[in-house]
Amino acid sequence: MIPREYCENELLAEIFGFLPQRYFDELYDYMNAIMHNVIEGVNERLEDMHKDKAIEIFHIIRAFENKLEIRLDDCFNTLQQYVYSYAWKIPNNLNIELFNHAIDLNLTKDKELELDENIKSLKRKIHAEQLFNNRLKRDLASIESQKKSIEPYQQLATMLREAKEEHQVIVLNTEDAVEKIIYQLDVLKQLMEDVYAKIKNQPSHVEPDEKIKRLRKNIKELIDAQS
């Protein structure tokens, strides 16, 4: 395989070991930092010497700094143009071909097929990862939805717990609750028997009407059913 021709920036990067523009960027940053430190030092010195004119000195120094920045930009533009046009200029008729020995450019047909298969395999793995990520996102969305659906119940449980702590509510277990219900039913049954006995034994000169008789009968049947 015939190596392609390098453009100037690529060839310079191969020779220097870094991008040519990086050299100018770092040099420009260093010059800006030096200029800024010098200006700040002069400003502080003058303000210490003439404290009554600090504001005036500040504005004069800033105006001078702006002029220096414009001048620095012009100088760097000229320097960069000169270096690329002359110092780092590669003649057009200079035939230079550089090889990157870390890359094997002599590929056989079998090697190309092997690389193609590797690329296809990587694509399949990427696709599987994407499907898996989508599944995880759906599961996460489902979990978030379920979490939101139980939030009202959590709030209710919190309210009941706080109410219990605030009012000292005693929560009975199932057996205790059943025993208390049975006890209350027994008490109610005894009261109904007492009432029925009093009604039955109470002398009456007036024959009760049918409604009273049905009521007595219902009470008697209810008492018998509880026996």
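Look up: the structure comes first, before these words.
None of these values were measured; they are calculated from a predicted model.

Cut-offs and rules
- Residues numbered from 1 in each chain as written.
- Predicted model: local features only at pLDDT ≥ 70, side-chain atom pairs only at ≥ 80, totals over all residues.
- Heavy atoms only, no water.
- Helix = DSSP H or I, 4+ residues; strand = E, 2+ residues; numbered from the N terminus.
- Buried < 20%, exposed > 50% of the residue type's maximum accessible area, 1.4 Å probe, protein only.
- Areas by Shrake-Rupley, 256 points an atom, 1.4 Å probe, with all protein chains shown as cover.
- Salt bridge = Lys/Arg side-chain N within 4 Å of Asp/Glu carboxyl O.
- Expected span 1.5 Å × (residues − 1).
- Phe/Tyr/Trp six-rings, centres within 6.5 Å; stacked < 30°, edge-to-face > 60°.
- Patch = residues over 30% accessible without salt bridge, like charges linked within 9 Å, V, L, I, M, F, W, Y side chains within 5 Å.
- Lys, Arg positive; Asp, Glu negative; His and termini not counted.
- Charge placed at Lys NZ, Arg CZ, Asp CG, Glu CD.
- Axes fitted to C-alpha atoms, helices over the stretch in contact; angles between N-to-C directions.
- Parallel < 35°, antiparallel > 145°, perpendicular 65-115°, else oblique.
- Left-handed = near helix turned anticlockwise from the far one by under 90°.
- Contact = heavy atoms within 4.5 Å.

**Q** Please set out the overall build of the chain residue by residue, giving values where relevant.
**A** Along its length, the chain carries six helices and zero strands. Scanning the chain from its N terminus toward the C terminus, one meets helices and strands in the order α-α-α-α-α-α. Buried positions account for 8% of the 227 residues belonging to the chain. Carbon together with sulfur atoms contributes 57% to the accessible area of the chain, which is approximately 19900 Å² in total.

**Q** Any chance you could break down the pattern of salt bridges for me, citing the residues and the numbers?
**A** Tallying each qualifying case throughout the model produces four salt bridges. Here the salt bridges share partners, and the residues they tie into one network are Glu40, Arg62 and Glu65.

**Q** Go over helix α2 (residues 20-49) with me, naming the residues and quoting the values.
**A** Counted at 1.5 Å a residue, the expected span for α2 with its 30 residues is 44 Å, and the 45 Å between its end C-alpha atoms agrees. If you check which residues of α2 are buried, you get Pro20, Phe24, Met35, Ile39 and Asn43.

**Q** Before we move on, can you summarise the packing of aromatic side chains with the specific residues and values?
**A** Summed over the entire model, instances satisfying the criterion amount to four aromatic pairs. Measuring from ring centre to ring centre gives 5.6 Å for Phe24 and Tyr84, while their planes differ by 35 degrees; the resulting arrangement is tilted. Placement of Phe24 in helix α2 and of Tyr84 in helix α3 (residues 54-87) is noted, with a sequence separation of 60 residues between them. On the basis of relative accessibility, which here comes to 2%, the residue Phe24 falls in the buried class. Aromatic pair Tyr28 and Phe76: ring centres 5.2 Å apart, planes at 90 degrees, arrangement edge-to-face. Of this pair, Tyr28 sits in helix α2 while Phe76 sits in helix α3, and the two are 48 residues apart along the sequence. Among the residues examined, Tyr28 registers a relative accessible area of 28% and is labelled partly exposed. According to the relative accessible area criterion, Phe76 is buried, its value standing at 10%. An aromatic cluster of at least three residues, connected via ring pairs, comprises Tyr23, Phe24 and Tyr84.

**Q** Now, about a positive patch on the surface: what can you tell me, with residues and values included?
**A** A cluster of basic residues, Lys120, Lys123, Arg124 and Lys125, forms a positive patch at the surface. For Lys120, a relative accessible area of 45% gives the class partly exposed.

**Q** Run through the packing of α2 against α3, naming residues and quoting values.
**A** The contact between α2 and α3 brings their axes to 10 Å, and the two run at 160 degrees. One element, α2, and the other, α3, form an angle in the roughly antiparallel class. In the packing of α2 onto α3, the handedness of the crossing is right-handed.

**Q** Can you tell me about the side chain of Asn43, naming the residues and giving the values?
**A** With respect to the helices and strands, Asn43 occurs in helix α2. Ignoring anything within four residues of it in the chain, the contact list for Asn43 reads Ile57, Phe58, Ile61 and Arg62.

**Q** How would you explain α3 if you had to name every residue and give the values?
**A** With 34 residues, α3 should cover 50 Å at 1.5 Å per step; its first-to-last C-alpha distance of 46 Å lies within 8% of that length. Buried residues of α3: Ile57, Ile61, Glu65, Leu72, Phe76 and Val83, and no others.

**Q** Explain a nonpolar patch on the surface residue by residue, including any values.
**A** Together, Ile15, Phe16, Phe18 and Tyr23 give the surface a local cluster of nonpolar side chains, amounting to about 360 Å² of exposed area. Residue placement: Tyr23 occurs in helix α2. Take Tyr23: its relative accessible area is 40%, and that puts it in the partly exposed class.

**Q** Which residues make up the environment of Ile61, and what values do they have?
**A** Residue position: Ile61 is located in helix α3. According to the relative accessible area criterion, Ile61 is buried, its value standing at 8%. When near neighbours in sequence (up to four residues on either side) are disregarded, Ile61 contacts Ile39, Val42, Asn43 and Leu46.

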